[in-house]
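Structure at a glance
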Amino acid sequence: MILPSSLVGIFYYLNQNGSFDIHGIQVILEEVPVGQEAFFQPAVEELKKNLQKYEGLSLWNIELQKFSEEVSESSWIDRLNVKRSWPATLDVYVRPHEVKLLMMSKAGKLVPVIRDGVVLEAIESPRAPDVALLEGEVFAKQAELRKKAVKVIDEIPDEGAFSKKTISEVRYDNKEGFWMTMIKTGIQVKMGEEQIALKAARVSQVVDYLEVHQFDARVIDANLSKKVLVRLRKGP
């Protein structure tokens, strides 16, 4: 029992003399959604600034549970893991929420929308991640509709002729459900509210066909049971 007691005594002595006083807090982003690194960087810097109050406290005495609860209050954080890095550093591993969509505020700023339709603080457009814009004040007023929009966009693939990358705007109609505008062509795609993944696959096939045959479509109606209807643009 002499050796363990000696170690405890040594650690106690070092702690009392400030050997374990925190002089560095590292915030490490993990699993950042592709293309959203720049968006989260200001939030990381703000978090580092807020955590400076812990510097000088003993790494030995700090309550990690309480610390984690405080950091988790930041709405952009999805998950975090805090580790002591002896002798005097605290490592905070943070996984941010993915920004699913954006909304335009009345002040002209962009409002990020994350999981379950939750909104983050409005930002200037240069910081905005490359995701589709929710068109219409109805999304700002109805959290449940935002949640539904996030569910719909999650069912659309990341890659392909019709994918998250090819959509510029999402709007909602009470009778017809969700409509989406394609970036490159301006084609309006009617998706409805159900079986979005299946409809997205069908739309991708149609878009590929239209491109190969150089057809200029105006509307793609995928909100049908077993087929897709295409309305072509009228000639000059």
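Scroll up a little and you will see the structure.
The structure reproduced in this document is the subject of the present report.

Glancing now at the sheet that holds strand β8 (residues 177-182). Taking strand neighbours across the sheet as the criterion, the eight strands line up as β5-β4-β6-β7-β8-β9-β10-β11 in an open arrangement whose pairing is mixed. With partners counted over all chains shown, the strands left at the sheet margins are β5 (110-113) and β11 (229-232), one partner each. Each neighbouring strand pair of the sheet contributes to a mean axis angle of 25°, computed without reference to strand direction. Where strand β9 (residues 188-192) lies against strand β10 (residues 217-221), three bridges are found, and the strand directions are parallel. Each bridged residue has a counterpart across the sheet, and for V189 the counterpart in β10 is I220. Helix α6 (residues 196-212) contacts β8, β9, β10 and β11 of the sheet and is inclined by roughly 160° relative to β9.

Note that K100 resides in the loop between β3 (89-96) and β4 (101-104). K100 sits in the buried class, given a relative accessible area of 18%. Within polar-contact distance, the side chain of K100 engages the side chain of E98 at 3.3 Å.

Further remarks concern unusual backbone geometry. Note that the residue after W86, namely P87, is joined by a cis bond; omega there is 10°. With respect to the helices and strands, P87 occurs in the loop between β2 (77-85) and β3. The backbone phi angle of E31 is positive, close to 50°, even though this residue is not glycine. By secondary structure assignment, the location of E31 is in the loop between β1 (24-29) and α2 (37-50). Taking relative accessible area as the criterion, E31 reaches 52% and is therefore assigned exposed.

Once that is clear, we can look at the sheet that holds β2. Across the sheet, three strands lie side by side as β1-β3-β2; this open sheet has mixed pairing. Bordering the open sheet on either side are β1 and β2, each of which pairs with just one other strand. Adjacent strand axes in the sheet meet at a mean angle of 20° when their direction is disregarded. Note: β2 against β3, eight bridges, orientation antiparallel. Within β3, the position partnered with V82 by the bridge is V92. Strands β1, β2 and β3 of the sheet are contacted by α2, whose axis makes an angle of about 160° with β1. With respect to the sheet, helix α3 (residues 64-72) is in contact with β2 and β3, its orientation differing from that of β2 by roughly 150°.

Here we come to the nonpolar core. Counting residues in each nonpolar core, the largest one holds 31 residues, and the members touching the most others are L101, F162, V170 and M191. Secondary structure elements with two or more residues in this core: β4, β5, α5 (143-154), β7 (167-173), β8, β9, α6 and β10. Excluding residues within four positions of it along the chain, V170 makes contact with L101, A132, L133, L134, E135, F139, I153, F178, W179 and M180. Judged by nonpolar contacts, the second largest core, of 28 residues, contains V44, Y54, F67 and L133.

Definitions and cut-offs
Residues numbered from 1 in each chain as written. Predicted model: local features only at pLDDT ≥ 70, side-chain atom pairs only at ≥ 80, totals over all residues. Heavy atoms only, no water. Pairing = 2+ DSSP bridges. Helix = DSSP H or I, 4+ residues; strand = E, 2+ residues; numbered from the N terminus. Axes fitted to C-alpha atoms, helices over the stretch in contact; angles between N-to-C directions. Contact = heavy atoms within 4.5 Å. Buried < 20%, exposed > 50% of the residue type's maximum accessible area, 1.4 Å probe, protein only. Polar contact = N/O pair within 3.5 Å; in protein donor to acceptor, adjacent residues only side chain to side chain. Core = buried A, V, L, I, M, F, W, Y, C linked by side-chain atoms within 4.5 Å.

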